[in-house]
Structure formats: structure tokens, C-alpha cells
Amino acid sequence: MGRIPGSKKKKMWIREGDVVIANPWEIQDSKAEVIWKYTRPQVEWLERKGYIK
């Protein structure tokens, strides 16, 4: 489960299967704050360069 910070909340929709960077909470490891969501072209570039599979 993740929380989207206020400044990004209205601009960012997260769906199942999206690639995101999340920062886990120190208090609850089961929750996190979403830092960044990658677009499809960015994900393809990361896959080509071998950063993600």
C-alpha cells in the first residue's frame, strides 16, 4: 500500500503493473510513499539498458 504526496496526487494515477519508486515508512514496513512513476517509454529504456527485467 502506498501514499502519493500532495503535490503529485492530482497528477499521478497508479495502476496495477506500473513501475514506481517507493520509499518504505520507518514505522510500518507494509506501507510506503510513492516517489516517482515511470512512463512506458522510460520503462522500455530501463529494460533495454538492463536496469530492470
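Predicted, not measured: the structure shown is a model, and the values here were computed from it.

Analysis parameters
Residues numbered from 1 in each chain as written. Predicted model: local features only at pLDDT ≥ 70, side-chain atom pairs only at ≥ 80, totals over all residues. Heavy atoms only, no water. Helix = DSSP H or I, 4+ residues; strand = E, 2+ residues; numbered from the N terminus. Buried < 20%, exposed > 50% of the residue type's maximum accessible area, 1.4 Å probe, protein only. Areas by Shrake-Rupley, 256 points an atom, 1.4 Å probe, with all protein chains shown as cover. Pairing = 2+ DSSP bridges.

A. Structural context of the overall build of the protein. Scanning the protein from N- to C-terminus turns up 2 helices and 3 strands. Across the protein, helices and strands are ordered from the amino to the carboxyl terminus as β-α-β-β-α. Looking at the protein as a whole, 13% of its 53 residues qualify as buried. Summed over its atoms, the accessible surface of the protein is roughly 4,900 Å², and 54% of this surface lies on carbon and sulfur atoms.

B. Here's a closer look at the sheet that holds strand S3 (residues 32–37). On the basis of which strands lie adjacent, the open sheet formed by 3 strands has the order S1-S3-S2 and mixed pairing. In the strand order of this sheet, the two ends are held by strand S1 (2–3) and strand S2 (20–24), each with one partner.

Honestly, that's just the spatial picture; any functional story needs more than this.
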